[in-house]
Amino acid sequence: MTSKEIINKTIAFVKETLDGAEGGHDWFHTERVYKNALLIAKNEPVDVFTVSLGALLHDIADSKFHNGDETIGPKIARELLFNLNVDSQVIEHVVHIIENISFKGGNEAQKFKSVELDVVQDADRLDAIGAIGIARCFNYGGFKNRELYNPDIKPNLNMSKEAYKTSNAPTINHFYEKLLLLKDKMNTKTGRKIASDRHAFMESYLTQFYKEWRGES
């Protein structure tokens, strides 16, 4: 089976698996991350096949939709790629990407590093900021029935991984607890450039949000 055939079969599998998923973590999110990853990969010394599979499978079973279980996604990815006869070293690399891509509160050290992970991680983080990032943030907040904003509940920038995963804070807090931090956590030059523009858009959005919240013109 050629690399292209494996990619196409993986795409079909992800589309089917994520059918009906929450709007911020559905196939279209994966597709955007995949496109972002290919764009970034053009300027990085990476194995594009590994990057492609990592991007396509990075959210195949997001732990926040599986009672916090972080083992399901890697297991599904490993079984799929094994059945597609992907080289074992590539499978292990893709699994490591899935296991280490998540933000997890931003206070936990990564246990695995590679240029391919850097690319996929930047691609995923780019989809969490800017106009689409804002839309995804509020979509998930609505999914969890969270308040839009509560001036009495301040952002917590020192959450543990578990506290981050179980937080029910207002959606606006998430901008400060994650989204606005991502620009400075980008790994690649391309990622940093794109992130800078999207970061500025979020800052402008928040300025407008607070003006409207206060009833100002």
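Residues numbered from 1 in each chain as written. Predicted model: local features only at pLDDT ≥ 70, side-chain atom pairs only at ≥ 80, totals over all residues. Heavy atoms only, no water.

*Asks:* Describe the nonpolar core, and please don't skip the residues or the numbers.
*Replies:* Of all hydrophobic cores here, the largest spans 59 residues; its most connected members are Leu 53, Leu 57, Val 86, Ile 129, Ile 172 and Phe 175. Residues contacting Ile 129, with those up to four places away along its chain left out, are Leu 179, Leu 182, Met 186, Ala 195, Arg 198 and Met 202. (Core = buried A, V, L, I, M, F, W, Y, C linked by side-chain atoms within 4.5 Å. Buried < 20%, exposed > 50% of the residue type's maximum accessible area, 1.4 Å probe, protein only. Contact = heavy atoms within 4.5 Å.)

*Asks:* Can you tell me about the pattern of salt bridges, naming the residues and giving the values?
*Replies:* On inspection of all chains with the given rule, the structure shows five salt bridges. Ionic pairing is found between Lys 183 and Asp 184, a salt bridge with its closest N-O pair at 3.1 Å. What you see here is one network of salt bridges that share partners, running through Arg 32, Asp 127 and Arg 136. (Salt bridge = Lys/Arg side-chain N within 4 Å of Asp/Glu carboxyl O.)

*Asks:* So what about the packing of aromatic side chains? Which residues, and what values?
*Replies:* The geometry of an aromatic ring pair comes down to the distance between the two centres and the angle between the two planes. For the structure on display, the rule yields ten aromatic pairs. Plain terms: the ring middles of Tyr 149 and Phe 209 are 5.8 Å apart, the flat faces sit at 85° to each other, and that makes the pair edge-to-face. Note that Tyr 149 is positioned in the loop between helix H7 (130–143) and helix H8 (161–166) and Phe 209 in helix H10 (residues 189–213), a separation of 60 residues in sequence. Both rings, one in Tyr 149 and one in Trp 213, keep their centres 4.8 Å apart while their planes meet at 80°; by these two values the pair is edge-to-face. One end of the pair, Tyr 149, is in the loop between H7 and H8; the other, Trp 213, is in helix H10, with 64 residues separating them in the sequence. (Phe/Tyr/Trp six-rings, centres within 6.5 Å; stacked < 30°, edge-to-face > 60°. Helix = DSSP H or I, 4+ residues; strand = E, 2+ residues; numbered from the N terminus.)

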